[in-house]
Amino acid sequence: MNQKFIVGVDIGGTWIRVAICTADLIERNIKTKISETLKENKYSISNSVCKLLSEFLSENCIKSEQILGIGLATAGPIDMIKGEVFNSPNLGFRVIPLKKPIEEKFPGIPIYLINDCNAAVLGVHYFEADDNEKENLAYITVSTGIGGGVICNGHLLFGKDGNAVEIGHGIVEPKSTIQCNCGAYGCWEVFSSGTGVKKRTLNTLNDGELKADILLRIVDGNKSNITAKEIFQAAREGDKLSKKIVNECIFYLKVGLGLVNNYYDCSSIFFGGAMMKDKEQILPPLIEQFEKDPIKFTVNHPPKIKITKYRDEIGLRGALALVKYKLENNPILEGISF
Ligand SMILES: [Zn+2]
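Residues numbered from 1 in each chain as written. Predicted model: local features only at pLDDT ≥ 70, side-chain atom pairs only at ≥ 80, totals over all residues. Heavy atoms only, no water.

A. The sheet that holds strand 12 (residues 268–272), seen in detail. Here five strands make up an open sheet; going across it, the order is 11-10-9-12-13 and the pairing mixed. Two strands bound the open sheet, and with one partner strand each, they are strand 11 (155–156) and strand 13 (304–307). Judged from the six bridges that link them, strand 9 (residues 137–142) and strand 10 (residues 146–152) form a sheet pairing that is antiparallel. Residue pairing for strand 10: T141 is matched across the bridge by G147. The strands touched by helix 3 (residues 116–127) are strand 9, strand 10, strand 11 and strand 12; relative to strand 10, the strand with the most contacts, the crossing angle is about 50°. On the sheet, helix 9 (residues 279–292) packs against strand 12 and strand 13 and is oriented at approximately 165° with respect to strand 13. (Pairing = 2+ DSSP bridges. Helix = DSSP H or I, 4+ residues; strand = E, 2+ residues; numbered from the N terminus. Contact = heavy atoms within 4.5 Å. Axes fitted to C-alpha atoms, helices over the stretch in contact; angles between N-to-C directions.)

B. Spatial organisation of the pattern of salt bridges. Overall, the coordinates contain 16 salt bridges when judged by the stated rule. The shortest N-O distance in the salt bridge between E59 and K33 comes to 2.9 Å. Linking E59 in helix 1 (residues 44–59) with K33 in strand 3 (residues 31–36), this pair joins segments that are 26 residues apart in sequence. Residue class for E59 comes out partly exposed when judged on its relative accessible area of 48%. Close ionic contact of K51 with E55 constitutes a salt bridge, the shortest N to O distance being 3.2 Å. (Salt bridge = Lys/Arg side-chain N within 4 Å of Asp/Glu carboxyl O. Buried < 20%, exposed > 50% of the residue type's maximum accessible area, 1.4 Å probe, protein only.)

C. Looking closely at helix 7 (residues 228–236). Within helix 7, burial applies to A228, E230, I231, F232, A234 and A235. Close packing links the buried residues of helix 7 with helix 5 (194–207), helix 6 (213–218), helix 8 (240–264) and helix 9. One or two positions beyond helix 7, positive phi appears at G238, with a value near 100°.

D. A look at the coordination of the zinc ion. For the zinc ion, the full set of protein donor atoms is H169 (ND1), C180 (SG), C182 (SG) and C187 (SG), and the range of their distances to it is 2.0 to 2.4 Å. Geometry at the zinc ion is tetrahedral, judged from the four donor atoms that bind it and their angles of 104 to 123° at the metal. Positions of the donor residues of the zinc ion along the chain correspond to the pattern H-x10-C-x1-C-x4-C. With H169 in the loop between strand 11 and helix 4 (188–192) and C180 in the loop between strand 11 and helix 4, this residue pair connects regions lying eleven residues apart in the sequence. In this structure C180 comes out as buried when scored by relative accessible area, which is 6%. (Donors = N, O, S within 2.8 Å, 3.2 Å for Na, K, Ca; no water. Tetrahedral: all angles 85-135°; square planar, octahedral: opposite > 155°, others 65-115°.)

E. The arrangement of the side chain of S48 in detail. Its location among the elements puts S48 in helix 1. Residue classification places S48 among the buried positions, given a relative accessible area of 11%. Only 2.8 Å separates the side chain of S48 from the backbone oxygen of S44, close enough to count as a polar contact. In contact with S48, other than residues within four places in its own chain, are I16 and L38. (Polar contact = N/O pair within 3.5 Å; in protein donor to acceptor, adjacent residues only side chain to side chain.)

F. Quick peek at the sheet that holds strand 2 (residues 15–22). With mixed pairing, five strands are arranged side by side in an open sheet as 3-2-1-4-8. Each edge of the sheet is formed by a strand with only one pairing partner; in this case those strands are strand 3 and strand 8 (111–115). Strand-to-strand twist across the sheet, computed as the mean angle between neighbouring axes with direction ignored, equals 15°. For strand 1 (residues 5–11) and strand 2, the ladder comprises seven bridges, and the chain directions are antiparallel. Of the residues in strand 2, the one forming a bridge with D10 is R17. This element, helix 1, spans strand 1, strand 2, strand 3 and strand 4 (67–74) of the sheet and lies at about 35° to strand 2. This element, helix 3, spans strand 1, strand 4 and strand 8 of the sheet and lies at about 100° to strand 8.

Structure representation (structure tokens):
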């Protein structure tokens, strides 16, 4: 009964994940549970987190008094002071209160709110980075959107509200006519995220200038069935339109990767996110470019390019690592006041 535990939560556009682990954060002691992200009203997410966590604790016979802290990772942007998410393109409401309603349900337990990509880089740091890359490390998710987290000189970069390294909304084509979910034009995520790849494919299909017979066969002629998955499959099979979109997706991944390396001078950059299911098409050209001819995209020494082995769970693992680092006053969190 005296054993202590730490809790991690990861709130995404589709799933809410929770994890419990003993305070030593040994991998084999991690237990996880998952439920769908409800978006009925602005409190649906905090209610779901509380319900999922309460069930999980009682299933494992753990009492609230045994919890040392909760790491709460969420798709951003976050407002650290108010403990809420604002302007989120993927969670559905202008403001989503998180910290306060969860604190009310679990009084006395410290809650540390973090943007999910900042959490993920902590997860990479704790669970899989080599010692010689831990000090200068970046994580990039390529999924519905694109986001990032950076550890520079051994410190997590956090920013004034907790939204540092919002790289997906870096504008890489200012004259682009394609609007991003954030409202700007020509963001990196317009070209390389799953949503962007789909949107640009549909636009190009409507132009009618390139053949897309293979893609249309894959989706049985139904354009509404097109996602990044079908586009990558069609590109592999030689579909002209899909190949153009995939090539541009990869080109702008090189652009973005180069910018991240120019800004943060990384030893290694880890990729994650749903788009990495097509890593055989995406990663080899990136690795080749940065090994053989990096100067076209970065002036700094090129980073090692890797992929996280924890897939969809890296943000959740990062939420656990955040609590552990916070409890031990790890210098990685120096200067960040949760
Ligand atoms: Zn944007």
